Amino acid sequence: MKPVEFKIDFVFDDPVRKSTHFLATMLTKQESFEWKKNIRLGQSIVKEVVTVRSIDAEGNSRFDQFGFRLMNKSELVNFKKDMIVQLHQSD
């Protein structure tokens, strides 16, 4: 998988699921791509990726927003709003 760039829109800690989440907009334009095991956001291992249901200002569905859940909660300090990060497959 080629690296895919995302801009972080929001970072938050979910005390119920005891995990760190990111909401991010995909900047790399691609028709489709496949999520596989061992993916990383920057240097952090991603536990889960979900499509975020959202609409734009005109009420049209957006397909460029995703939610990420990291494996290691302590890595939250490495991510900030508006930061550009790459999602990539680790070997």
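Our subject is the structure that appears above.
The structure contained in this document is the topic of the report that follows. Note that the structure is a prediction, hence the values are computed from the model and not measured.

Observations regarding the overall build of the protein chain
- Helix and strand counts for the protein chain stand at zero helices and eight strands.
- Each helix (α) and strand (β) of the protein chain, taken in turn from the N terminus, gives the series β-β-β-β-β-β-β-β.
- Every one of the 91 residues in the protein chain was classed for burial, and the buried ones make up 31%.
- Nonlocal contacts in the protein chain, meaning residues at least 24 apart in sequence, comprise 60% of its contacts between residues at least 6 apart.
- For the protein chain, the accessible surface area stands at approximately 6,200 Å², while carbon and sulfur atoms represent 51% of it.

Quick look at the nonpolar core
- Phe6, Phe22, Leu41, Val46, Phe68, Phe79 and Leu87 are the most contacted members of the largest nonpolar core, which has 15 residues in total.
- Looking at this core, the elements that each hand over two or more residues are β1 (4-14), β2 (19-26), β3 (39-41), β7 (65-70) and β8 (84-89).
- If we ignore the near neighbours within four places in the chain, the residues touching valine 46 are Ile39, Arg40, Leu41, Phe68, Arg69, Leu70 and Leu87.

Considering unusual backbone geometry
- Of note in this structure, aspartate 82 is not a glycine but carries a positive phi near 75 degrees.
- Along the polypeptide, aspartate 82 turns up in the loop between β7 and β8.
- The exposure class of aspartate 82 is partly exposed, given its relative accessible area of 44%.

Calculation notes
Residues numbered from 1 in each chain as written. Predicted model: local features only at pLDDT ≥ 70, side-chain atom pairs only at ≥ 80, totals over all residues. Heavy atoms only, no water. Helix = DSSP H or I, 4+ residues; strand = E, 2+ residues; numbered from the N terminus. Buried < 20%, exposed > 50% of the residue type's maximum accessible area, 1.4 Å probe, protein only. Contact = heavy atoms within 4.5 Å. Areas by Shrake-Rupley, 256 points an atom, 1.4 Å probe, with all protein chains shown as cover. Core = buried A, V, L, I, M, F, W, Y, C linked by side-chain atoms within 4.5 Å.

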